[in-house]
Amino acid sequence: MKIAMIGTGYVGLVTGACLAEIGHEVTCVDSIETKVAALRDGKIPIFESGLDEVVARNHADGNLHFTTDLDQAVADNDVVFLAVGTPQASDGRSDLTQIETATKQIAKAANSDKIVVVKSTVPVGTCRRVGRILSKHGHDHSFQVASNPEFLREGAAVKDFMAPDRIVIGSSDKATEGVMREIYVPFEKQNVPIVLTTLETSELIKYSANAFLATKVAFINEMANLCDATGGDVSALSRGIGLDNRIGQAFLKPGPGYGGSCFPKDTLALTILAQEADCPTRIVESVVDSNSFHIRRLGRRIAEFCADSWGEDSHVPLVGRRVAVLGLAFKANTDDIRQAASTVLVPLLIKNGAEVIGYDPEAADAAAEEITFLQTTTDMDEALKGAEAVLVLTEWADIAKIDWAEKKKLLAHPAVIDLRNLYDPEAMAGLGIDYMSLGRPTPH
Ligand code: NAD
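Just so it is clear, the structure is predicted and the values come from calculations on it, not from any experiment. (Residues numbered from 1 in each chain as written. Predicted model: local features only at pLDDT ≥ 70, side-chain atom pairs only at ≥ 80, totals over all residues. Heavy atoms only, no water.)

(A) Examining the pairing of strand β6 (residues 143-147) more closely. Here β6 lies mainly inside the structure; four of its five residues are buried. Of the strand pairs in this sheet, strand β5 (residues 114-118) and β6 are connected by five bridges, and their pairing is parallel. Across the sheet, residue V117 finds its bridge partner in β6, namely A146. Handedness of the β5-helix α6 (residues 126-137)-β6 crossover: right-handed. (Buried < 20%, exposed > 50% of the residue type's maximum accessible area, 1.4 Å probe, protein only. Helix = DSSP H or I, 4+ residues; strand = E, 2+ residues; numbered from the N terminus. Pairing = 2+ DSSP bridges. Right-handed = clockwise from strand over helix to strand, strands pointing away.)

(B) Representation of the sheet that holds strand β10 (residues 355-359) within the structure. Strands sit in the order β11-β10-β9-β12-β13-β14 across an open sheet of six strands; the sheet is parallel. The open sheet is flanked by β11 (375-377) and β14 (434-436), the only strands paired with a single partner. Strand-to-strand twist of the sheet, defined as the mean angle between neighbouring strand axes without regard to direction, takes the value 20°. Pairing between strand β13 (residues 415-418) and β14: three bridges, direction parallel. Looking at the pairing, I417 lines up with M436 of β14. (Axes fitted to C-alpha atoms, helices over the stretch in contact; angles between N-to-C directions.)

(C) The arrangement of the site of the ligand in detail. Neighbouring the ligand are 29 residues; D30, K35, T86, E154 and K265 lie closest to it. Between K35 and the ligand, the recorded distance is 2.5 Å, taken from a side-chain N or O atom to an oxygen atom. In isolation the ligand exposes 840 Å². Once the protein is present, 89% of that is buried. When residues of the shell around the ligand are traced back to their parent elements, those giving at least two are α1 (10-21) and α5 (97-109). Take the shell around the ligand: its biggest share by element is three residues, from α5. Tallied by class, the residues present in the shell around the ligand amount to 11 nonpolar, 11 polar and seven charged. Taken domain by domain, the shell around the ligand gets at least three of its residues from each of domain 1 (2-196) and domain 2 (198-444). (Near = heavy atom within 4 Å. Polar contact = N/O pair within 3.5 Å; in protein donor to acceptor, adjacent residues only side chain to side chain. Areas by Shrake-Rupley, 256 points an atom, 1.4 Å probe, with all protein chains shown as cover. Nonpolar A, V, L, I, M, F, W, Y, C, P; charged D, E, K, R; others polar. Domains from an automatic or database assignment.)

(D) Fine view of the packing of aromatic side chains. Counted by the stated rule, this structure contains seven aromatic pairs. Relative to W396, the ring of F47 has its centre 6.0 Å away and its plane inclined at 55°; by these criteria the two rings are tilted. Here the residue F47 occupies a position in the loop between α2 (33-40) and α3 (51-60), and W396 occupies one in the loop between β12 (389-392) and α17 (397-400), the gap between them amounting to 349 residues. Look at W396 and you get buried, because its relative accessible area is 6%. In this structure, R166 packs its charged tip against the face of F151, placed 3.6 Å from the ring centre. Between R321 and the ring centre of W310, over which it is positioned, the NZ or CZ distance is 4.2 Å. (Phe/Tyr/Trp six-rings, centres within 6.5 Å; stacked < 30°, edge-to-face > 60°. Lys NZ or Arg CZ within 6 Å of the ring centre and 35° of its normal.)

(E) Molecular detail of the domain arrangement of the chain. Annotation of the chain at the domain level lists domain 1 (2-196) and domain 2 (198-444). Computed from C-alpha coordinates alone, the two centres of domain 1 and domain 2 are separated by 32 Å. Counting from both sides, the interface comprises 36 residues of domain 1 and, opposite them, 30 residues of domain 2. Interface of domain 1 and domain 2: buried area, both sides summed, is about 2600 Å²; carbon and sulfur atoms make up 57% of it. Its largest share of buried area at the contact with domain 2, domain 1 owes to F47, V124 and E154, together 26% of the area lost on that side. Connecting domain 1 to domain 2 are three salt bridges. The shortest N-O distance in the salt bridge between R338 and E154 comes to 3.6 Å. Our enumeration of links across domain 1 and domain 2 arrives at 12 residue pairs in polar contact (both at pLDDT 80 or more). (Contact = heavy atoms within 4.5 Å. Buried area = accessible area lost by both parts, 1.4 Å probe. Salt bridge = Lys/Arg side-chain N within 4 Å of Asp/Glu carboxyl O.)

Put into structure tokens, the structure is as follows:
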């Protein structure tokens, strides 16, 4: 099938390339000329494992094209996916400007009947709104709208697309549903469950899935804090509850709170749309509060731990101290720093007077651009050299595998704050390193 993908970001590029991989001819459109030019030259603008090969293969085979010409792409394809951004607006709602603009462009460019598939994460009711905009601005043709939310995880996006747990399709007529099933027929043949539903339910499924996963993250972080306060061990607790099939082990690892481009904005947008529907989601509201409380509390705990380790009782212990931050991306295997813990905790350290140098193998440039006064490097040793405290924020494999007996020699003072629980507390104590992790007893 011939498909146009409007928006070639994390989702649009992965989806476009993978739809080409399963046999479709896809034209990826983006309004950023430099991005499109780079893609045509075989340069992938994001770090995503395996994506470069899929893009290169399908581009070379003539199944994947890149353009800034939305009008032509719409004219040439009967199915048009919308994968533009839906960032958080200043009032916490989902900002639908990109959706609205792109929809009007599609309507005006249409030269025949089209199916418009909303892949972006949108509040319930948006697909119907997209349908109304299409009818208003593209009156010579008929338009059908489908909802097809994306569940890929950055860092494992290609794998997630090619081996999905399920595919969700929302539509309001059988013909559109049929076209959508045809697009995904290779997955249906592999017995991937296809959830066929209405537009509204499909939109809600995406928000509910993110809210549920965010709930697990916030929950285990609260349990980790409780372990700290009572002498428990969250690793055993997590295993003890996660082995119950009804609960499951995924998303039960404590950390610096959920971040990234989806959970924070989607949980907040869900609470607002629920309030507006006069049906508040109290649990999700608590999750949003819990997550922001957790990270602010961590900011205080880091300062206290450092003061303790440095033997200071000053209330401004960080002034002039060199702190190395290991990992700036919101999670491992991505260069995405949107709403990463680094974007909250690093400015806090800097505000409190610390000199911060951040290491990340892929996100160093993006973080340096985003966080004022942060120095960054892609050389871990450069970050560790002379550090008086090390803050571990991202679980990159090279960070998880650090040989602390070696790296300790680079430090001016051996204090490690590990917000991903990557290291063994006993081993760290054995090396004479002051060590803080989450919810695990620390031997002295
Ligand atoms: P992104 O910001 O990385 O990409 C959006 C792209 O759309 C940008 O490159 C932008 O230039 C382009 N664009 C915007 N308006 C355009 C227009 N009129 N014409 C052509 N191009 C246009 O966003 P993303 O992370 O890919 O997210 C896209 C959507 O998918 C969002 O709704 C997001 O919530 C959802 N989503 C994201 C993820 C994720 O992990 N990033 C996962 C699932 C769902």
